[in-house]
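Residue-level listing of the chains:
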Amino acid sequence: MPITERIAARKNKLPSVNSELNKNLLENAKKSNSDVLTSLQTSENGLKQEQIESKRETFGTNTLEKSKQHKWYNSLLDAIVNPFSIILIIIAILDVSIPTRDNGSWRFKPDWVAFAIIMAILSVTCIVKIFQEVRSSKASEKLHDMIETTTLIERDGIKKEIPIDEIVPGDIIHLAAGDMVPADLMLLNAKDLFINQSSLTGESAPVEKTPNLNKETQSALEANNLCFMGTSVSSGSAKCVVLNTGMNTFFGKIAKSISAKRPKTSFDKGIKAVSLLLLITTAIMTITIFILQGAIAKDWLGGLTFALALAVGLTPELLPMVVTVNLAKEAFKLSKQKTIVKNINSIQSFGAMDVLCTDKTGTLTEDRIVLERHLNVDGDDDNRVLIYGYLNSQFQTGLKNLLDLAIIDKAKSSQFDQIASEFTKIDEIPFDFQRRRMSVVLKDSANKTHLITKGAIEEILSICDTAEYQGKTVNIDEKLKNKILKDVRSLNEQGMRVIAIASNNQPLPTDHQFAVSDEKGLKLLGYFALLDPPKFSAKKAILDLQKRGVQVKVLTGDNDVVAKYICGQVGLRGKKILLGSEIENMDDEQLKNVVMNITVFAKLSPEQKSRVVSAIRANKHVVGFMGDGINDAAAMRTADLGISVDTAVDIAKESADIILLEKDLTILGQGCIEGRKTYANIIKYIKMTVSSNFGNMLSMLVASIWLGMYGILPMRPEQILILNLIYDFAQLAMPWDNVDPDFYNKPRSWNARSILKFMLFMGPVSSIFDIGTFLIMFFVLGWHGPAGISSETIQNNPDLLNKLNLFQTGWFLESLLTQTAVVIVLRSNKFPFIKTSPSLPVILSLLLTLIVGFLLSLTPGLNPIFSSLTQQPIIIGYIFAMAAGYIVLAQFSKMCYIKLFNSWL
């Protein structure tokens, strides 16, 4: 497919600049007011009452389809239908399906205790997940609970306030400063109207809107006579007609485009890979042991029972619980830092994230206009310029726009607001879009009259003959004019909006009706540079993320000049800024090849933001996206992790996994740390448990081949299950274990191959000592008679049966000791208790494990499937010696592994 066709096809996926919606909006924008009103079957007096119901039946209510509220049963289904839980359910079924030997014969005797334990594990996992996610969902819903929003409409010549969901196409809407734009509208008339559409386009400054389309454009968003749902009125007033409502608006089309199923995140892929590894490993071991045991011992039913018990033993049954408790614990910790975690799985994605893409306006910046500089013509900050600007803004009639408020705030902070009491207002020449300036006429305490004018730099220069320059009043010649324009361009290149201030140079009469004709022969005093400033915490947060191995990229709909300046302010610099127009001419492969070399992307549409995120993910990175606008929602859904703020539009909050309740962005670095701690303690459990279990099962394989000749099993199936469950319950403390700082200083993501490598390398270490224990007990107990002894013979010979029980109990205790030791040695890449120590909960859980193991192994008659090793004290000594030797060899093996693979956990 040619690139032009590919681009065209992509544009149809979202409401981009060439969509059908865009075309229809532009067609209306180009029509006269009367033609638009006729096509909508309305008039400037509004719809008639009898038209309302029929239009509502045709177009529906003016609402957006919200995502379904998260219910408890959704969390329950998510907790059950996942790979780890399915493995547990299979194991539980095996526990009540495996036959057991009783007095030499086999019969089905369901192990309901083991079944109940596994069901309890699943239940706790589900309860924790449901509690955390439902609680977070309710907290998120509270952010949406606002008083009913209304708008002023005109129907049949009568104005009234109605809820915005009752608006229909053809309604006449009256807008004023502070109003939310309730639908897609076309202006019929307007006065000083400025619209804040940063949530839709990313533009930081309010956009001037006027009736009648005054320029050719390919994008409805750039049409000066159209306003869009989800934006707001910064200043001015207007009378408009409703073109589209609800899901047919520009906002609605974006909302609909992100309703598709979200791509699998890094967490989803990691869990799937680890589960597949466990299934394959378990299947291979189970089948191998079944065949060997059946072929050598000629006992296929016994071999099946033993093999299935080993399958259970190899599986880390508590994995779903350990994962969920880890995630919930960190989510609770983040909630204490004013952060809502809507999806607890996203905690791990936080830790795995190595690229953070962020919007600019409202995310890195304050989303408000502040006065950065008040300069005289020399280019120096001058309080006299600020005072004149304050007088103009303070005395103008009507609602103040954002620029006026910024000047007034600056004057008040500089304590110049007292000066206003020394002046009296005489007259005013209002702002209009042709002149792009406004003036006030004031009289001071000495009865001197001042005409103070502010506005666009070009318009102010056109009415000024002189300027205050280098301490005196001079004529504005070509050289000075070029200097002024150069200074203004320099400020523009720093992302600032510049307006000029001037005053009369000659005395003015007081008994005079002032008009536009009086705005002439003025003296230029200077100019104001205004900016949407970076958040105070932005630079620190970005530096913190970079130190922790997270690249930060800015994806904004604003222009490249503003983006470049703001990014420079927060410490993000790049040789090139990639524009949306350039991305539109790239296919996905081309974008993938360049995207990692770019730090700042500007003038992006919602679809282009989503494409950039997809391209980064295609480069094998885990991507987070932080935004607060309508135009960010699609990218947040595409990312592995969506982050929003409480002031974001609803659609952005619904797309987010994490919602920040405060403006402090340093929580991002803390979130990365908590995510990496979560991963650390989960991977500790997986690697230690799987490698330890694998070592035990490998030992069982060797022992079953040897002991199969004697017709006996190295350990009873019930003992294997008890050993595994005791060890697993000890691991419940792992979510509270300490994590070494050098581990959480860089991103961590799932790697199933590293688990397999760890298991194959470290597992056989414990097998060496298992087999050593087996040999010692074999000869100490004198179990080296002729092969081929039947199980019936053993069962009928008390001496042989006691030896067998001692053998199996001894191996049980040795396996438990080595599994306990493995936690101490393998939980960190450092030397245990000297350079790193487990947490107190972990130490206590391990001690409890040992106490239970000793009670089962040393107490006579406590459990019929165990024999007391106190009958043969020498065996206990050998077992402790083997456990000590294992600790030494495990530490040495760990050092070799780190040197060989340059990694550990």
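Conventions and cut-offs
- Residues numbered from 1 in each chain as written.
- Predicted model: local features only at pLDDT ≥ 70, side-chain atom pairs only at ≥ 80, totals over all residues.
- Heavy atoms only, no water.
- Helix = DSSP H or I, 4+ residues; strand = E, 2+ residues; numbered from the N terminus.
- Buried < 20%, exposed > 50% of the residue type's maximum accessible area, 1.4 Å probe, protein only.
- Contact = heavy atoms within 4.5 Å.
- Areas by Shrake-Rupley, 256 points an atom, 1.4 Å probe, with all protein chains shown as cover.
- Phe/Tyr/Trp six-rings, centres within 6.5 Å; stacked < 30°, edge-to-face > 60°.
- Lys NZ or Arg CZ within 6 Å of the ring centre and 35° of its normal.
- Expected span 1.5 Å × (residues − 1).
- Arc of directions from axis to C-beta.
- Pairing = 2+ DSSP bridges.
- Axes fitted to C-alpha atoms, helices over the stretch in contact; angles between N-to-C directions.
- Salt bridge = Lys/Arg side-chain N within 4 Å of Asp/Glu carboxyl O.
- Core = buried A, V, L, I, M, F, W, Y, C linked by side-chain atoms within 4.5 Å.
- Parallel < 35°, antiparallel > 145°, perpendicular 65-115°, else oblique.
- Left-handed = near helix turned anticlockwise from the far one by under 90°.
- Nonpolar A, V, L, I, M, F, W, Y, C, P; charged D, E, K, R; others polar.
- Polar contact = N/O pair within 3.5 Å; in protein donor to acceptor, adjacent residues only side chain to side chain.
- pLDDT = per-residue confidence, 0-100.
- Patch = residues over 30% accessible without salt bridge, like charges linked within 9 Å, V, L, I, M, F, W, Y side chains within 5 Å.

## Overview of the overall build of the protein chain
- A count of helices and strands for the protein chain gives 31 helices and 25 strands.
- Going through the 905 residues of the protein chain one by one, you find that 56% of them count as buried.
- Of all intrachain contacts in the protein chain linking residues separated by at least 6 positions in sequence, the fraction that spans at least 24 positions is 74%.
- Only carbon and sulfur atoms are counted for the fraction: they give 57% of the accessible area of the protein chain, which is about 37800 Å².

## Quick notes on the packing of aromatic side chains
- Tallying each qualifying case throughout the model produces 13 aromatic pairs.
- Centroid distance Y897 to W904: 5.3 Å. Interplanar angle 80°. Geometry classified as edge-to-face. Comparing Y897 with W904, the two get one shared label, buried.
- Here a set of aromatic residues connected by ring pairs shows up, and it is made of F758, F761, Y897, F901 and W904.
- In this structure, R748 is placed above the aromatic ring of F743, and the distance from its NZ or CZ to the ring centre is 4.0 Å.

## As for helix α17 (residues 478-493)
- Compared with the 22 Å implied by 1.5 Å per residue over 16 residues, the 22 Å span of α17 between its first and last C-alpha is a close match.
- What α17 keeps buried is the set L480, I484, V488 and L491. Seen end-on, α17 carries its buried residues on one side only, within an arc spanning 75°. Within α17, the exposed residues directed more than 90 degrees away from the buried face are E478, K479, K486 and E493.
- On its buried face, α17 is in contact with β12 (370-376), α16 (457-461), β16 (464-469), β17 (472-475), β18 (497-504) and β19 (522-531).
- Positive backbone phi, approximately 80°, marks G495, located one or two places after α17.

## Observations concerning the sheet that holds strand β10 (residues 339-341)
- The strand order across the open sheet formed by eight strands is β10-β25-β24-β23-β11-β20-β22-β21, and the pairing between neighbours is mixed. Looking at the sheet topology across the chains shown, the edges are occupied by β10 and β21 (577-579). If you compare each strand with its neighbour and ignore which way they point, the axes differ by 20° on average.
- Inspection of the sheet shows strand β11 (residues 355-358) paired to strand β23 (residues 623-626) by four bridges, in the parallel sense. Paired with V355 across the two strands is V623, which belongs to β23.
- The sheet strands contacting helix α19 (residues 560-569) are β20 (551-555), β21 and β22 (600-602), and the helix crosses β22 at an angle near 155°.
- In the packing of helix α22 (residues 606-618) onto the sheet, contacts are made with β11, β20, β22 and β23, and the angle to β23 comes to roughly 160°.

## Comments concerning the pattern of salt bridges
- Using the criterion set out here, one finds 28 salt bridges in the structure.
- D404 is the salt-bridge partner of K454, the closest N and O atoms lying 2.6 Å from each other. Residue K454 is located in strand β15 (residues 449-456), and its partner D404 is located in helix α15 (residues 402-413); the two are separated by 50 residues in the primary sequence. D404 carries the same exposure label as K454, and that label is buried.
- D544 is the partner of R548 in a salt bridge, and the nearest nitrogen-oxygen pair spans 3.3 Å.
- Accessibility expressed as a relative area gives 22% for D544, which makes it partly exposed.

## Section: the nonpolar core
- F601, I643, L660, L668, I686 and W750 are the most contacted members of the largest nonpolar core, which totals 107 residues.
- At 14 residues, helix α25 (residues 667-708) tops the list of elements feeding residues into this core.
- Within the second largest apolar cluster, 30 residues are counted, among which are I457, I460, L491 and L522.

## So, the packing of helix α14 (residues 383-395) against α15
- Across the interface, α14 lies against α15 with an axial gap of 9 Å and an inter-helix angle of 125°. Accordingly, the angle class assigned to the pair α14 and α15 is oblique. Crossing angle aside, the handedness with which α14 passes α15 is left-handed. Facing L386, G389, Y390, S393 and Q394 of α14, the residues of α15 in contact are D404, I407, I408, K410 and A411.
- When the residues that make up the contact of α14 with α15 are grouped by side-chain class, the tally is five nonpolar, three polar and two charged.

## What about the environment of T453?
- Relative to the assigned elements, T453 resides in strand β15.
- C-alpha of T453 to C-alpha of I501: the two residues are 48 residues apart in sequence and 5.8 Å apart in space.
- Residues contacting T453, with those up to four places away along its chain left out, are N392, R437, M438, S439, I460, I463, A500, I501, A502, E519 and L522.
- For T453, the side chain forms a polar contact with the side chain of S439, separated by 2.6 Å.

## Section: helix α27 (residues 752-780)
- Compared with the 42 Å implied by 1.5 Å per residue over 29 residues, the 41 Å span of α27 between its first and last C-alpha is a close match.
- N-cap assignment for α27: the residue whose side-chain oxygen lies 3.1 Å from the backbone N of R753 is N751.

## Here we look at the side chain of E519
- Position of E519 relative to the elements: it lies in the loop between β18 and β19.
- When neighbours within four sequence positions are excluded, E519 is seen to be in contact with I429, R435, R437, M438, S439, T453 and I463.

## Considering the side chain of S845
- Its place among the elements puts S845 in helix α30 (residues 840-858).
- Among all residues touching S845, those that are not within four sequence positions of it are A730 and A733.

## With respect to the confidence of the model for the protein chain
- Mean pLDDT over the protein chain works out to 81, with 84% of the residues at or above the 70 mark.
- Here residues 1-18 scores under 50 on pLDDT; set against residues more than four positions off or in separate chains, the count is 33 contacts.

## A word on the pairing of β15
- For β15, the buried fraction is high: eight of the eight residues fall into the buried class.
- In the sheet, strand β14 (residues 437-444) pairs with β15 via seven bridges, with the strands oriented antiparallel. Paired with V440 across the bridge in β15 is I452.
- Between the antiparallel neighbours β14 and β15 lie four residues, among them N447 with a positive phi of about 65°.
- Pairing of β15 with β18, which is carried by five bridges, proceeds in the antiparallel orientation. Looking at the pairing, I452 lines up with S503 of β18.

## Let's talk about a nonpolar patch on the surface
- Together, L276, I280 and I284 make up a nonpolar patch on the protein surface, roughly 290 Å² of accessible area in all.
- Tracing the sequence through the fold places I284 in helix α10 (residues 266-297).
- With a relative accessible area of 52%, I284 lands in the exposed category.

## Structural notes on the environment of K239
- Positionally, K239 belongs in strand β9 (residues 232-244).
- On the basis of relative accessible area, K239 is assigned to the buried category, the value being 12%.
- Placed 28 residues apart in sequence, K239 and P211 show a C-alpha to C-alpha distance of 9.5 Å.
- K239 has contacts with E44, E154, I172, I173, H174, M186, L187, L188 and N189, leaving out every residue within four places of it along the chain.
- Among the polar contacts listed, one links the side chain of K239 to the backbone oxygen of E44, at a separation of 2.9 Å.

## Here's the deal with the packing of α27 against helix α31 (residues 873-901)
- Across the interface, α27 lies against α31 with an axial gap of 10 Å and an inter-helix angle of 155°. The orientation of α27 relative to α31 falls into the category roughly antiparallel. Handedness of the α27/α31 crossing: right-handed.
- Its residues placed into classes, the contact of α27 with α31 shows 21 nonpolar, six polar and two charged.

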